Each structure stands twice: as structure tokens, then as C-alpha cells.
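Geometric and topological summary
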Amino acid sequence: MGFVTLLVVLFWLKTLIAYFVDFNLNLSDPFQFLILLLNPLATTILLFGLALYFKRARFFYPFLFLIDILNSLLLYINVIYFREFTDFMTVSTMLGYSKVDQGLSGSSLALTSPHDILYWLDLVVVLVLLATRRIYIDPRPVNKRVGLAVTSAALLLFTANLTLGEMDRPQLLTRTFDRTYVVKYLGLDAFTVYDGIKTQHTSEVRSHAKKSELSGILKFVHKNYAAPDKKLYGVAKKKNVIVIHLESFQQFLINKKINGQEVTPFLNKLYKSKATYSFDNFFHEVGQGKTSDAETMLETGTFGLSQGSLFTQLGNDNTFQAAPAIFDQAGYTTAVFHGNVASFWNRSNTYKNLGYQYFFDASYYDTSGDKSLGYGLKDKLLFNDSVKYLQHLQQPFYVKYLTVTNHFPYTLDSEDSTFKTPNTGDKTVDNYFKTAHYLDQSVKEFYHYLNKSGLAKNSLIMLYGDHYGISNSSNPALAKVLGVDPDDWNDYDNAQLQRVPLMFNMPGYTHGKIEHQYGGEIDVLPTLMHLMGMNSKKYLQFGTDLFSKEHNQVVAFRNRDWESPDYTSVDGTIYSNKTQQEIHPTKAQQARIDKMQKHVNQALSFSDSLNQKNLLRFYHPKGFKAVNPNHYNYADGLEKAEKIEKKLGLKSTSLFSRNRDKSTQSWYQTDAPELHHKETDSNRIKITNQDDTSGK
Ligand code: GP9
Ligand code: MN
């Protein structure tokens, strides 16, 4: 027992060295610190304790040593891997399956560091002590019950650990937004086992998949296809596409006033502008993958998964025929601007499979001091600080801005806002209006630049809210602001609040209006493609063009609830949208309802099967070139863009070239106070770029 304890303690200390010296785990509070201190213990005791089941010393000692060596090896390869990729090694990387994780570049020797000796020293010292009999080999067998007791204690400790983790991060394992989080809360061993089980499951599903399984999906998709409205097909042909992702932004914010002040005056203007097609019955359809689910639908035309995030679970390996690649092959430059770390939602890997040429993540911006909040660079700075990259991209481009400031818990530094919040008694609800107001100002500043630079008139700007910002549990508090009695609040009301904005703004256009048809995020890609004059028919997309006369107005939610112009279905209960009351359907109504439910079930399960089994690898739309993720590297984006600019010379269409090789930054006006803050060493997020191997 003493010997096992000694090795456990030594291994625990080594793990803490890795946690605090080598891994960037970004601890935000003392509670997380406590969990981190504890989390290596449970699995180490569990594994090392197995040795106690061996009665004979000649098995006990070698087994214990072997476990220690293997576990040290796992820890150490992760230390090395982290130094290069700022991520943990997944099982599929270890087994060499993954398409996007390149091997360690250069010599791994360059990635070692003098203190690495500490990862092995304990084993050497203990061996020497054993050999020189300073540690005495005890031949007496341990009682079997001791082994059982230790195993049970370890399992109990693990349960406690998991509970603490879930308390701090609900749905830690089901959502898995970032590998770092799992290691931070549960430790490296638990992460590896968890990841191994998932990998095994995915690869099993895939290896059994056959090309023939595509045929049912193809039939469903073809039957659903909705032909474009001829008047709108190609209205934005050859224009730039600028996607503005409005984080956690719900439709009720549009035209809302608090204490007599408009919350989002600029977006309200865009919303009713003649240059904009806006939608007032448009719903988000995300599941646990939240932002990444919205991205999945918008980029691929397929749904997120029923559990967790497609980006994290399948993003490394899946075959996609997605917007970035489609635009790329139509001659567009494609890029994402996002002020959070690239590993979040596994974007750095997934974007390569989607075919994004550039990813300007947190490592491209000064996020120090007050310039960022928990999810990254503040929006006003994101738009302003992206100009230096945007202006070097060749036009036409398809670019996406992922904002973050309007994100739970909706805190903002006092210098960023004077907006007077309501007083509902729920801090989340109150502050939501403040950060939404900030987001509105950020977009307004960006538009000023778009107009000044002339980009506006050459672009289609698509704005959308990715998902709710106020969860159902806070909706009763919100009800007061919406002028509804909180006591009358029910599931029907929750469902109605899942509306988010969708706007296609084309400065200079004059036929825009507010559209009332029902639709959801799954419908965006075919709609956008048709506006751009791109045929969507050959792609496997699960939504339909919102402007088409044949557009299907049944909106599928990830949990199989749905929304339609007449009815709302929540958990099997049907409400009439007209009376807002539960109905008990007649036979004829029931038949219609069943038909809608069947459509929803089929769409979701066909989409899941397509993605889970990676069936697009068997599908080859004519003229579409398969994406090779290894062609993309997201380090040195600016250098890459400038090189292309130089090569093209007079033919370069970047803003910078068009402005006679002068920066356009001075056209940008922002009142962000942080602009004048010096760069400091403190940072609210940890920035790293996985593709940057220069060691800068
Ligand atoms: C983080 C951001 C937030 O990078 O996209 O994601 P969410 O928590 O909304 O899914
Ligand atoms: Mn989001």
C-alpha cells in the first residue's frame, strides 16, 4: 500500500506540472483550480490500484511499474503534442486516422524542454531505490478486499469529480465544446478513454456504411427540392458575401424599446430597409452544439447532431460539400473572422474540411487586458481590427464574422456601455439588452466602413441570430419586458421565442421587404445560393429556398418538435398558432399533423445518417472538387493574402490594391475605448494558433 501510495503521489505531482507548466488550461476561478488539483487523483488511484489485485510480489511490482510507465508516456506525448498543436491528442490522431492533424512537424526534439526530465525522473529514482534495496520489496500478499476498497474509493472520487465538473460546466460530456475543457475538469486519462469510446463508435458506424444507403437520402432530398423564384435568382450574382453572425440574438430585440430607448436602432433600420429582405417567422434550429450547429446548417445545409456538436465529433474527418468550398470553386476568397481561440468548437480542424481558405482567430488580434471578454475579442474591436486582413483579400469574397460579446452571461465593462437596462430581477435578462445594444453599435460602425470603402454596394450582407440568448428558465422574467404576464407563460410561448432574425441586405437594392413565410436555419444555404445565382440542386441539402413557392414551411427543431404557420408542436402537444391554445385535433387535422411530423423525423434522421456515416464520401456532385483539408494552414494568413496580391499585380481586386496600395484602416471609425489601451500581458482568454509552428 505504501508503495502504491508513493507512486500515485509522484504521478499526481507530475500531472500537476503538466497542467500548470505545459498546458494552457485557462482557469477562470478558484473552483476550477480546485477541480484541477483533484482530477488526476481518481484515475491514477483507479489504475495504479489494479496492481493490488496481484497476490505475488513478482507480478505486483512489474505490473505497477508498467502502468506507471504507460501513463507517464500518455502524459508526456500529450505534453509534446500540446507544445505544437495547443490541443490534446485524440485517439484517432494516435491511431493515425485523422485527416487534418498533421504529424509533428520538424523534429520532436525541438519540442522538448529541460524540465521534461521531471516526467521520467520519479520512475528512475524509484527503480534505483528498489535495486539498491533502499525500498524494500515486500513479499507479503495484500488482502483482496484492499484492492476492492481502493477501486471503490477511486470510483467514488471520480463520481465526485464528475459532479463538480458538471456543476461548473453543465453538459460537460454531452456537449464537449473543447477538448481542453474535458481535460481541465476530468483529467487526461478520463479524456483519452472518453475520446476512445467515441472514436470506436464513430468508426464502427462508418465502416459498416455502404454507398447504397445514399439512395433513400437522395430520394428524400430530390422530392423536397424547391425551385428558385426566377425573379430573385442571381440578384446578387458575383457580389461579395459578408455573413454577420449575431451571437445569441433573438428576434424580439428587433424594434424593442427599453425605458423609451431602442435597443438595436441600427439593426432596426436595416430590418425595414428596402434594401433588405427580412424574415419575421424565422427560427433557429440548433441543438447542444449551439453556435457550431448554426454554422453546420448554414455552411452545409445539413442539421447538427442530436447530441453534442458535429464540429467536435465529426469535424476532423467528415467529407463536406459546403458553402466555403462551393464559393471557392466559383472563384471566391473565403475567410472567417473570430476573436476566440481556434480550438473552440474544433473550428480550426472543421474549417479545413469545409474548405475555408483563411481563419483569422484570436491569435490574429490583440485580445489582451480589457479588449476581450470570456469568449474573446469584443465585437467593436473584432470588426475594426479585421480591416487589416479583410482589405487584402481578393474580391469577390465569402467572409463570415462571428461576434461574441452578446454571449451569456452578458457582462460588459462599464466603459463600453451607458445603456439603461430594465429591471426584471434577473441579471441575465437585464444585461442581455445591454450587450445586444453594444452588438448593434458594433454592426453600425462596421457598416460605416462598408459604405465608406465602397464594399457595401458590391456586397450581399447576410445577418442572422444563431440561437436564443435567454433560456426557457429565464423566459418568465423576460415576459415582463415583453408585456406578458409571467404566470401565463407556457411551452407555446417558449417555442415562439425561438425566432431569430435573418436579413439579406443588398445596399442599393430597392425591392426588399419583410417576409412572413416560416423557415429555419436549415433553409439559409439554398436561399443564399439562389440569390447568388448558384444552382443548389446537385447538393444534398435538407432545407429549401425561403423565396420559392415550393418552400416547405415546417420548421424542424433538433428534438423533433416543430413549428409551422398553423401549428406548434412541443413534446407531442399541438397548439394552434391562431388561438395560442392546445388543440385536440380532428381526424383531418391529425392527418396533416402526422404528415408534418413525418417530414421532420425523416429530415433529421436522414441528415444524421448522412453525417454519422460520412456518406458524402460516396457522393460526387458533378463539377465539384473534393476538399483536401491538408491544403489549408491558418498561420500567416496576412502574408498569404499579400503574396497573392503581389503576384496578381494590377489584376489584384483587393480593397488595398484598389486603394492604390494604401491601407483603408483610417476609414474605420469606432468609439471602442479599448483602442487606446496598451497591449498588456494579462488576457481573459488564452490565445494560440494551432497551425503556427514557428514558436513565436
Ligand atoms: C465561441 C462562440 C460561442 O467561440 O462561438 O459559442 P456558443 O457558446 O454560443 O455555442
Ligand atoms: Mn452562439
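For every chain, the first residue of the written sequence is number 1, and numbering continues from 1 onward in sequence order. For naming, the first written chain is A and the first written ligand is 1, with later ones following in the order written. The predicted nature of this model means local features are confined to residues of pLDDT at least 70 and side-chain atom pairs, given and counted, to a pLDDT of 80 or more, with totals for whole chains, interfaces and linings taken over all residues. The basis for the side-chain values is all heavy atoms of the structure; hydrogens and waters are excluded.

As recorded by an unreviewed UniProt entry, the chain carries the name Phosphoglycerol transferase alkaline phosphatase superfamily protein and is attributed to Levilactobacillus namurensis DSM 19117. For the record of the chain, the UniProt heading Pathway (unreviewed entry) holds the text "Cell wall biogenesis; lipoteichoic acid biosynthesis." UniProt positions are given in the numbering used here, feature names are shortened, and annotations may be inferred rather than shown by experiment.

1. Some details on the nonpolar core
Take the buried residues of types Ala, Val, Leu, Ile, Met, Phe, Trp, Tyr and Cys, join any two whose side-chain atoms come within 4.5 Å, and each joined set is a nonpolar core. Between buried and exposed lies partly exposed: a residue is buried under 20% and exposed over 50% of the maximum accessible area for its type, with that area taken using a 1.4 Å probe on protein chains only. Membership of the largest hydrophobic core comes to 123 residues, with the highest contact counts inside it found for Phe-3, Leu-460, Met-462 and Phe-504. Boundaries between domains were set according to an automatic or database domain assignment. Looking at which domains feed residues into this core, each of domain 1 (2-207) and domain 2 (216-630) supplies at least three. Note on contacts: a residue pair qualifies if any of its non-hydrogen atoms lie within 4.5 Å across the two residues. Dropping the residues within four chain positions of it, Leu-460 is found in contact with Ala-236, Lys-239, Asn-240, Val-241, Ile-242, Phe-504, Asn-505, Met-506, Leu-528, Leu-531 and Met-532. Counting residues in each nonpolar core, the second largest holds 58 residues, with Ala-335, Tyr-358, Tyr-432 and Tyr-447 among its members.

2. Considering the sheet that holds strand 16 (residues 562-563)
Strand order in this open sheet of 4 strands is 15-16-17-18, and the pairing throughout is antiparallel. Across the chains shown, the open sheet's two edge strands, defined by having one partner strand only, are strand 15 (555-556) and strand 18 (573-576). By the convention used here, strands pair only if DSSP detects at least 2 bridges between them. Secondary structure follows DSSP: runs of H or I at least 4 residues long count as helices, runs of E at least 2 residues long count as strands, and numbering of each begins at the N terminus.

3. A word on the coordination of the manganese ion (ligand 2)
Only N, O and S atoms count as donors, using a 2.8 Å cut-off from the metal and 3.2 Å for Na, K and Ca, and because water is excluded some sites may appear unfinished. Within the protein, Glu-247 (OE), Glu-247 (OE), Thr-291 (OG1), Asp-466 (OD) and His-467 (NE2) serve as the donor atoms for the manganese ion (ligand 2), at 2.0 to 2.6 Å. Here the manganese ion (ligand 2) binds 6 donor atoms, and the angle range of 54 to 165° at the metal identifies the geometry as irregular. For a four-donor site, all angles between 85 and 135 degrees give tetrahedral; for four or six donors, opposite pairs above 155 degrees with the remaining angles between 65 and 115 give square planar or octahedral; all remaining cases count as irregular.

4. Digging into the packing of aromatic side chains
The geometry of an aromatic ring pair comes down to the distance between the two centres and the angle between the two planes. Classification of ring pairs rests on two measures: the distance between centres of Phe, Tyr or Trp rings, Trp counted by its six-membered ring, which must be within 6.5 Å, and the angle between planes, read as stacked under 30 degrees, edge-to-face over 60 and tilted in between. As enumerated under the stated definition, the model contains 51 aromatic pairs in all. Aromatic side chains Phe-20 and Phe-33 sit 5.6 Å apart centroid to centroid with 50° between the ring planes, which places their arrangement in the tilted category. Of this pair, Phe-20 sits in helix 1 (residues 2-22) while Phe-33 sits in helix 2 (residues 30-49), and the two are 13 residues apart along the sequence. Judged by its relative accessible area of 39%, Phe-20 is partly exposed. On the basis of an interplanar angle of 25° and a centroid distance of 6.0 Å, the ring pair of Phe-283 and Tyr-518 is categorised as stacked. Residue Phe-283 is located in strand 5 (residues 282-283), and its partner Tyr-518 is located in the loop between strand 13 (514-515) and strand 14 (519-520); the two are separated by 235 residues in the primary sequence. A relative accessible area of 0% means that Phe-283 is categorised as buried.

5. Remarks on the environment of Lys-219
Secondary-structure assignment places Lys-219 in helix 10 (residues 214-224). Given a relative accessible area of 67%, Lys-219 falls into the exposed group. The spacing of Lys-219 and Leu-75 is 144 residues in sequence and 49 Å in space, taken between C-alpha atoms.

6. A few points about the site of ligand 1
Near ligand 1 lie 12 residues; those nearest to it are Thr-291, His-338, Asn-340, Arg-347 and His-407. One of the side-chain N or O atoms of Glu-247 is found 2.9 Å from an oxygen atom in ligand 1. Polar contact is the term for a pair of N or O atoms within 3.5 Å; when the atoms are in protein, one must be able to donate a hydrogen and the other to accept it, and sequence-neighboring residues count only if both atoms are side-chain atoms. Trp-345 is positioned such that a nitrogen or oxygen atom in its side chain is 3.0 Å from an oxygen atom of ligand 1. We get accessible surface area from the Shrake-Rupley algorithm with a probe of 1.4 Å; when it comes to residues, only the shown protein chains can shield them. When ligand 1 is considered free in solution it has 310 Å² of accessible area, and contact with the protein chains removes 96% of it. What makes a residue near a molecule or strand is one non-hydrogen atom of that residue sitting within 4 Å of it.

7. What to know about the domain arrangement of the chain
Taken as a whole, the chain is organised into domain 1 (2-207) and domain 2 (216-630). Here's the idea: put two parts together, see how much 1.4 Å probe accessible area each one loses, and the total over both is what we call buried area. Taken together, the two surfaces of domain 1 and domain 2 that pack against each other cover about 2,000 Å², and 40% of this comes from carbon and sulfur. Here, a salt bridge means any side-chain nitrogen of Lys or Arg that lies within 4 Å of a carboxyl oxygen of Asp or Glu. Counting across the domain 1 and domain 2 interface gives 0 salt bridges. At the junction of domain 1 and domain 2, the tally comes to 4 residue pairs in polar contact (both at pLDDT 80 or more). Only helix 7 (172-175), helix 8 (179-186) and helix 9 (188-207) provide two or more residues apiece to the side of domain 1 that touches domain 2. Counting residues per element, the side of domain 1 that touches domain 2 draws most heavily on helix 9, at 4 residues.

8. What about the packing of helix 10 against helix 21 (residues 587-612)?
Every axis corresponds to a line fitted to the C-alpha atoms, with the helix fit spanning only the stretch in contact, and the corresponding angles, defined between N-to-C directions, vary from 0 to 180 degrees. Where helix 10 contacts helix 21, the two axes come as close as 10 Å, and the packing angle between them is 135°. With respect to their mutual orientation, helix 10 and helix 21 come out oblique. Of the two elements, helix 10 crosses helix 21, and the hand of that crossing is left-handed. Residue-level inspection shows Leu-214, Gly-216, Ile-217, Phe-220 and Asn-224 of helix 10 in contact with helix 21, the latter providing His-599, Gln-602, Ala-603, Phe-606, Ser-609 and Leu-610. Polarity classes work like this: nonpolar for Ala, Val, Leu, Ile, Met, Phe, Trp, Tyr, Cys and Pro, charged for Asp, Glu, Lys and Arg, and polar for all others, with Gly in that last group. Considered class by class, the residues forming the contact of helix 10 with helix 21 number 6 nonpolar, 5 polar and no charged. Note that the term roughly parallel is reserved for angles under 35 degrees, roughly antiparallel for angles over 145, roughly perpendicular for angles of 65 to 115, and oblique for everything else. If you view the pair so one helix is near and one far, a crossing is left-handed when the near helix is turned anticlockwise from the far one by less than a right angle, and right-handed when it is turned clockwise.

9. Looking at the environment of Lys-378
Within the fold, Lys-378 resides in the loop between strand 9 (376-377) and helix 16 (379-390). Residues Lys-378 and Ser-536 lie 158 residues apart in sequence; the distance between their C-alpha atoms is 35 Å. In this view, Lys-378 contacts Asp-370, Lys-371, Ser-372, Leu-373, Thr-405, Asp-413, Asp-416, Tyr-438, Glu-674 and Arg-684; residues no more than four positions away in its chain are not counted. Polar side-chain contacts of Lys-378 include one of 2.7 Å to the side chain of Glu-674.

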